[in-house]
Amino acid sequence: MKDNSAQISLEYLLIFALSLIILIVFTMPLLQESMDNTFDVYDSVNVKSDLAALAHAVMKVYGQGQGSKQEVTLTSNKDLKISIKNSYISTKIKLKNKDTKEIRMDVKSNLKSDTLYLKKGKNTLTVEWPDSESNMIIY
């Protein structure tokens, strides 16, 4: 009789283990996809925040006129290539599924078209509109 109850316990353990394995096999890809989407949103929000800070500095200098200057410190989670036009600032980030997403902030300014390269980590940029120049510069 004791052998029967031991066999039944072993069968329950085996069924439980197989159920757990099947559950893990089906839920892990869904969990990974969900985590990738969450990280993509996190990266997008951080990059948009950096662009908003830069756009705010540009608009502030543009509003104050010639002779004004503004420093802005950006902390980036990854290397960024920022495109500057006179009506917007944009960058592209690579998502986990290999797609790219453009993040764009509209900004009114008299900046010449240019490209900024930000390294991962802390970057300090200066937005300036020199007295003798007709256009603003970022360095």
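Above this text sits the structure in question.
Below is a short write-up of the structure. For clarity, every value in this text was computed on a predicted model and none was experimentally measured. (Residues numbered from 1 in each chain as written. Predicted model: local features only at pLDDT ≥ 70, side-chain atom pairs only at ≥ 80, totals over all residues. Heavy atoms only, no water.)

We now examine the overall build of the protein chain. Within the protein chain, the regular secondary structure consists of 1 helix and 7 strands. Ordered by position from the N terminus, the helices and strands of the protein chain form the series α-β-β-β-β-β-β-β. Here the C-alpha atoms of the protein chain give a radius of gyration of 27 Å, more than 25% beyond the 14 Å that 2.2 N^0.38 yields for 139 residues. Each principal axis of the C-alpha atoms in the protein chain carries an extent, and together these give about 100 × 25 × 20 Å. Taken across its 139 residues, the protein chain has 30% of its residues classed as buried. (Helix = DSSP H or I, 4+ residues; strand = E, 2+ residues; numbered from the N terminus. Rg over C-alpha atoms; globule rule 2.2 N^0.38 Å. Buried < 20%, exposed > 50% of the residue type's maximum accessible area, 1.4 Å probe, protein only.)

The next thing to look at is the side chain of Thr 126. Its location among the elements puts Thr 126 in strand S6 (residues 121–128). Residue contacts for Thr 126: discarding those within four places in its chain leaves Lys 69, Gln 70, Glu 71, Ile 137, Ile 138 and Tyr 139. (Contact = heavy atoms within 4.5 Å.)

Let us look at the packing of aromatic side chains. A full pass over the atoms with the stated rule returns 1 aromatic pair. Between Tyr 62 and Trp 129, the aromatic rings sit 5.9 Å apart at their centres with planes inclined by 5°, giving stacked as the arrangement. With Tyr 62 in helix H1 (residues 2–64) and Trp 129 in the loop between S6 and strand S7 (137–138), this residue pair connects regions lying 67 residues apart in the sequence. Trp 129 sits in the buried class, given a relative accessible area of 12%. (Phe/Tyr/Trp six-rings, centres within 6.5 Å; stacked < 30°, edge-to-face > 60°.)

Let us now look at the sheet that holds S6. Strand order in the open sheet made by the 3 strands is S1-S6-S7, with antiparallel pairing throughout. The open sheet terminates on both sides in strands that have one partner only, identified here as strand S1 (69–76) and S7. Pairing between S6 and S7: 2 bridges, direction antiparallel. Within S7, the residue paired with Val 127 across the bridge is Ile 138. (Pairing = 2+ DSSP bridges.)

On to a nonpolar patch on the surface. Taken together, the side chains of Phe 16, Leu 20, Ile 24, Met 28, Leu 31, Met 35 and Phe 39 make up a nonpolar region of the molecular surface, amounting to roughly 660 Å² of accessible area. Classification of Ile 24 as partly exposed rests on a relative accessible area of 44%. (Patch = residues over 30% accessible without salt bridge, like charges linked within 9 Å, V, L, I, M, F, W, Y side chains within 5 Å. Areas by Shrake-Rupley, 256 points an atom, 1.4 Å probe, with all protein chains shown as cover. Salt bridge = Lys/Arg side-chain N within 4 Å of Asp/Glu carboxyl O.)

The strand order across the open sheet built from 4 strands is S4-S3-S2-S5, with neighbouring strands paired in antiparallel fashion. Two strands bound the open sheet, and with one partner strand each, they are strand S4 (100–106) and strand S5 (114–118). Geometrically, the sheet is characterised by an average inter-axis angle of 25° between neighbouring strands, direction not taken into account. In terms of strand pairing, strand S2 (residues 80–84) meets S5 through 5 bridges, oriented antiparallel. For Lys 81, the partnering residue across the bridge sits in S5 and is Tyr 117. (Axes fitted to C-alpha atoms, helices over the stretch in contact; angles between N-to-C directions.)

Next up on the list: the pattern of salt bridges. Scanning the model with the defined rule gives 2 salt bridges in all. Across the salt bridge formed by Asp 43 and Lys 78, the nearest N and O atoms sit 3.4 Å from each other. Remark: Lys 78 occurs in the loop between S1 and S2 and Asp 43 occurs in helix H1; sequence separation between them is 35 residues. Of the residues examined, Asp 43 reaches a relative accessible area of 14% and is grouped as buried. Residue Arg 104 pairs with Asp 106 through a salt bridge whose shortest N-O separation is 3.8 Å. For Asp 106, a relative accessible area of 59% gives the class exposed.

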